[in-house]
Amino acid sequence: MAAINIIETKWRWNGSLSTRAHTDYIALHHAEASTCTAEQVDRWHKENGWTGIGYHFFVRKDGSIYRGRPLTAMGAHVSGMNNRSIGICAEGKYSTETMPDAQKRAICRLLVYLKDNYYPNAKIVGHKEIGDSDCPGRNYPLEDIKQNYRAYGADEEGLSVTQYEELKDEINGLKPMIYDYMDENMPEWAKPTIQKLMDKGVLVGDEDGRLGLTMDMLRIFVANDRAGLYD
Ligand SMILES: [Zn+2]
């Protein structure tokens, strides 16, 4: 499916990050290393004296997507353009290697997600187009991704990440009803039992006072009550 799964890491920043003023570009990079992790990139960038990983996203060859800097923070990935761009880095050395399909699709899903949800007007570019660099390497499928990211970013049914997320929300709307309070939603047959358990302090809500009970839980409590377990 085209769901987007962004792996969150608790980065330890060396200092504070500043907020980015504009988002005119989404810049594509390669790590220039055949195998590396987001943690390694973070270490390398700290060795440069930077606050930490300079990219906003790091995509591994297997298609897993890691968050680097927060979306609204200024990155450190294109000298002179960091206040106007987001950086996505691909694991790999695309001056010589060929990008695996899983990684290409993950980058495209991420682009659809960013364009549809946050920055519809941001232009997708290679690092070399806005900075003095060979990055992301001559073998990086830059033109292919720029032209076809929507097609690669869709799932087998042709759903884009955004459509998929909307569909998922709809499906989630069918989740079982949750009974939180002793209000009109609470079935009459369950009220005496739930009230009894609340009075006894056996059932306590969360910090907002919500009980979070499902229909199955109501049934079990009432059955136990009728069996005399709460007397
Ligand atoms: Zn680059």
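No experiment lies behind these values; they were computed from the predicted model shown.

Quick notes on the rules
- Residues numbered from 1 in each chain as written.
- Predicted model: local features only at pLDDT ≥ 70, side-chain atom pairs only at ≥ 80, totals over all residues.
- Heavy atoms only, no water.
- Helix = DSSP H or I, 4+ residues; strand = E, 2+ residues; numbered from the N terminus.
- Rg over C-alpha atoms; globule rule 2.2 N^0.38 Å.
- Buried < 20%, exposed > 50% of the residue type's maximum accessible area, 1.4 Å probe, protein only.
- Contact = heavy atoms within 4.5 Å.
- Lys, Arg positive; Asp, Glu negative; His and termini not counted.
- Charge placed at Lys NZ, Arg CZ, Asp CG, Glu CD.
- Axes fitted to C-alpha atoms, helices over the stretch in contact; angles between N-to-C directions.
- Parallel < 35°, antiparallel > 145°, perpendicular 65-115°, else oblique.
- Nonpolar A, V, L, I, M, F, W, Y, C, P; charged D, E, K, R; others polar.
- Pairing = 2+ DSSP bridges.
- Donors = N, O, S within 2.8 Å, 3.2 Å for Na, K, Ca; no water.
- Salt bridge = Lys/Arg side-chain N within 4 Å of Asp/Glu carboxyl O.
- Domains from an automatic or database assignment.
- Phe/Tyr/Trp six-rings, centres within 6.5 Å; stacked < 30°, edge-to-face > 60°.
- Polar contact = N/O pair within 3.5 Å; in protein donor to acceptor, adjacent residues only side chain to side chain.

Undergrad: Run through the overall build of the protein chain, naming residues and quoting values.
TA: When helices and strands are tallied, the protein chain shows 7 helices and 6 strands. Order of helices (α) and strands (β) in the protein chain, N terminus to C terminus: β-β-α-β-β-β-α-β-α-α-α-α-α. The C-alpha radius of gyration of the protein chain comes to 25 Å, more than 25% above the 17 Å expected for a compact globule of 231 residues. For the C-alpha atoms alone, the extent of the protein chain along its principal axes is close to 75 × 45 × 30 Å. Taken over 231 residues, the protein chain has a buried fraction of 47%. When contacts within the protein chain are restricted to residue pairs at least 6 apart in sequence, those whose partners lie at least 24 apart make up 72%. On the protein chain, the mean spot of the 28 positive side-chain charges and the mean spot of the 34 negative ones are 5 Å from each other.

Undergrad: With reference to specific residues and values, describe the packing of helix α2 (residues 101-117) against helix α4 (residues 142-152).
TA: One way to put it is that α2 packs onto α4 with a least axis distance of 8 Å and a crossing angle of 80 degrees. Taken together, the axis directions place α2 and α4 in an arrangement best described as roughly perpendicular. Of α4, the residues touching α2 (which contributes K104, R105, I107, C108, L111, V112, K115 and D116) are D144, I145, Y149, R150, A151 and Y152. Across the contact of α2 with α4, the residue classes tally to 8 nonpolar, no polar and 6 charged.

Undergrad: Give a description of the pairing of strand β5 (residues 85-90) that names residues and reports values.
TA: Of all 6 residues making up β5, 6 are buried, and the element is well covered by its neighbours. Here β5 shows two buried faces, one formed by S85, G87 and C89 and the other by I86, I88 and A90. Across 6 bridges, strand β2 (residues 25-30) lies against β5 in parallel orientation. Across the sheet, the residue bridging to I26 is I86, located in β5.

Undergrad: Explain the coordination of the zinc ion residue by residue, including any values.
TA: Within the protein, the zinc ion binds to H29 (ND1), H127 (ND1) and C135 (SG); these donor distances fall in the range 2.0 to 2.2 Å. Coordination of the zinc ion draws on donor residues from a single chain, spaced H-x97-H-x7-C in sequence. Here the residue H29 occupies a position in strand β2, and H127 occupies one in helix α3 (residues 127-130), the gap between them amounting to 98 residues. The pair H29 / H127 is uniform in exposure class, with both members buried.

Undergrad: Quick one: what's the story with the pattern of salt bridges, residue by residue and with numbers?
TA: Summed over the entire model, instances satisfying the criterion amount to 15 salt bridges. Here R150 and D116 are joined by a salt bridge, their closest N and O atoms 2.7 Å apart. Of the two residues, R150 sits in helix α4 while D116 sits in helix α2, which places them 34 residues apart along the sequence. E129 is the salt-bridge partner of K146, the closest N and O atoms lying 2.8 Å from each other. With a gap of 17 residues between them, K146 in helix α4 and E129 in helix α3 connect regions that are remote in the sequence. The network of salt bridges with shared partners includes E129, E143 and K146.

Undergrad: Could you give an account of the domain arrangement of the protein chain, with specific residues and numbers?
TA: Interface size, as often reported, equals the accessible area lost upon joining of the parts. Partitioning the protein chain into domains gives domain 1 (6-164) and domain 2 (175-231). Computed from C-alpha atoms alone, the centre-to-centre distance between domain 1 and domain 2 is 48 Å.

Undergrad: For the packing of aromatic side chains, give the residues involved together with the corresponding values.
TA: For the structure on display, the rule yields 4 aromatic pairs. For the pair Y118 and Y119, a centre-to-centre distance of 6.0 Å together with 35 degrees between the ring planes defines the contact as tilted. Given a relative accessible area of 40%, Y118 falls into the partly exposed group. Through a chain of ring-to-ring contacts, three or more aromatic side chains come together here, namely Y113, Y118 and Y119.

Undergrad: I'd like a rundown of the side chain of R69, residues and numbers included.
TA: Examined against the element boundaries, R69 turns out to sit in the loop between β4 (65-67) and β5. Within the structure, R69 has its side chain in polar contact with the backbone oxygen of M74 (distance 2.9 Å). Setting aside residues up to four positions removed in sequence, R69 forms contacts with W13, L17, W50, T51, G52, I53, G54, Y55, H56, M74, G75 and A76.

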